[in-house]
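# Observations on the model geometry
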Amino acid sequence: MKKIAIFASGGGSNFKVIYEKIISWDIPAEICLVISNNPSCSAIDFAKQNSLPTFIVNKSLYPDSYSRDTILMQNLLKAEIDLICLAGYMKMIPENIVTYFENRVLNIHPALLPDFGGKGFYGMKVHEAVIQSNADESGATVHFVDAKYDHGPIVAQEKVNVSADDTADSLAQKVLAAEHRIYSKVVKAYCEDRIVWKNNQPRIEVAIEN
Ligand code: GRF
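Summary of the structure given here. (Residues numbered from 1 in each chain as written. Predicted model: local features only at pLDDT ≥ 70, side-chain atom pairs only at ≥ 80, totals over all residues. Heavy atoms only, no water.)

### Considerations on the layout of surface pockets
To be explicit about the condition: Cavity: a set of points on a 1 Å grid over the protein atoms alone where a 1.4 Å probe fits but cannot get out. Pocket: an open set with protein on both sides within 12 Å along at least five of seven lines, its lining residues, like those of a cavity, having an atom within 4 Å of a point. Grid points are joined across faces, edges and corners, and a volume is the space filled by probe spheres set on the points. In this text, helices come from DSSP runs of H or I with a minimum length of four residues, and strands from runs of E with a minimum of two, each type numbered from the N-terminal end. Residues are sorted three ways: Asp, Glu, Lys and Arg are charged, Ala, Val, Leu, Ile, Met, Phe, Trp, Tyr, Cys and Pro are nonpolar, and all the rest, Gly among them, are polar.
Looking at the largest pocket, its volume works out to about 820 Å³. Together, 36 residues line the largest pocket, and G88, Y89, M90, I108 and Y122 are the ones closest to its centre. For the lining of the largest pocket, the secondary-structure elements that each account for two or more residues are α1 (13-23), β5 (105-109), α5 (124-133) and α6 (168-191). Of the residues assigned to the lining of the largest pocket, the class counts are 16 nonpolar, 14 polar and six charged. There is about 270 Å³ of room inside the second largest pocket. Together, N37, V57, N58, K59, R68, D69, L72, Y89, K91, M92 and P94 line the second largest pocket. Taken together, the residues of the lining of the second largest pocket sort by class into five nonpolar, two polar and four charged.

Here's what the structure looks like:
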């Protein structure tokens, strides 16, 4: 069974969907750590309510970046984490962690990368930019994390239509529903060792039914 660390800063709806699929035995994994920079976010509240171990790391608690990165790494190693899932985490993942956990850190982004990604494209800003561009589709992307924002190898995408009367808010809702579907699908595939690499590109292998 894979050991997962969730990183979240906000509502944590993606985290909650993954958690529900784990406790219903759909995803063969265990959430061993929930990490946040924000001690009072809903994701941390949810983790505590469900007795999941939490760890808070931010500048107030660890002013110096080296101590911050080191303590985070120590916690991940101590929990013997196999997979890190970023689920609305608003901070950059330290380089030591990206390097050590190469191809073991997943992120969900609320647009069809490489469009509307990179520095400055987060939260509602993404949806506002999509609406302003008059694009007729958007969607969600799950990708492995590398050293650049929203840049690593893409594992899965799901498109949603942008209709003429969509606002950033209505688009966010449609995309979030797609996020919940594809993130849990990718995490499940990872935990079942069904992500295969060819020419440095990951792909999900279809599960074989028994
Ligand atoms: C999602 O839109 C995700 O794509 C982005 O942050 C948001 C987090 O939502 N990275 P939630 O906290 O999982 O509800």
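Read on for the rest.
### Some thoughts on the packing of α1 against α6
For clarity, the threshold we go by: The axes used here are C-alpha line fits, helices contributing only the stretch in contact, and every angle between their N-to-C directions lies in the interval 0 to 180 degrees. Geometric relationships in this document are graded by angle, where less than 35 degrees denotes roughly parallel, more than 145 denotes roughly antiparallel, 65 to 115 denotes roughly perpendicular, and other angles denote oblique. Handedness of each helix crossing follows the sense of rotation of the near helix against the far helix: counterclockwise by less than a right angle gives left-handed, clockwise gives right-handed. In this analysis, two residues are considered to be in contact whenever any of their non-hydrogen atoms come within 4.5 Å of each other.
Where α1 meets α6, the closest approach of the two axes is 9 Å, and the angle between their N-to-C directions is 45°. Classified by the angle between their axes, α1 and α6 sit oblique to one another. Here α1 and α6 pass one another in a crossing that is right-handed. Contacts between α1 and α6 involve S13, N14, V17, I18 and K21 on the former and, on the latter, L176, E179, H180, Y183, S184 and V187.

### Notes on the sheet that holds strand β1 (residues 2-7)
The condition that has to hold: For two strands to be treated as a pair, DSSP must find no fewer than two bridges joining them.
Pairing within the open sheet is mixed, and its seven strands lie in the order β3-β2-β1-β4-β5-β6-β7. Edge positions in the sheet fall to β3 (54-56) and β7 (154-161), since each has one partner strand and no second. Each neighbouring strand pair of the sheet contributes to a mean axis angle of 20°, computed without reference to strand direction. Pairing of strand β2 (residues 29-36) with β3, which is carried by three bridges, proceeds in the parallel orientation. For S36, the partnering residue across the bridge sits in β3 and is I56. Its contacts with the sheet place helix α3 (residues 65-78) against β1, β2, β3 and β4 (83-86), and it is angled at close to 165° to β2.

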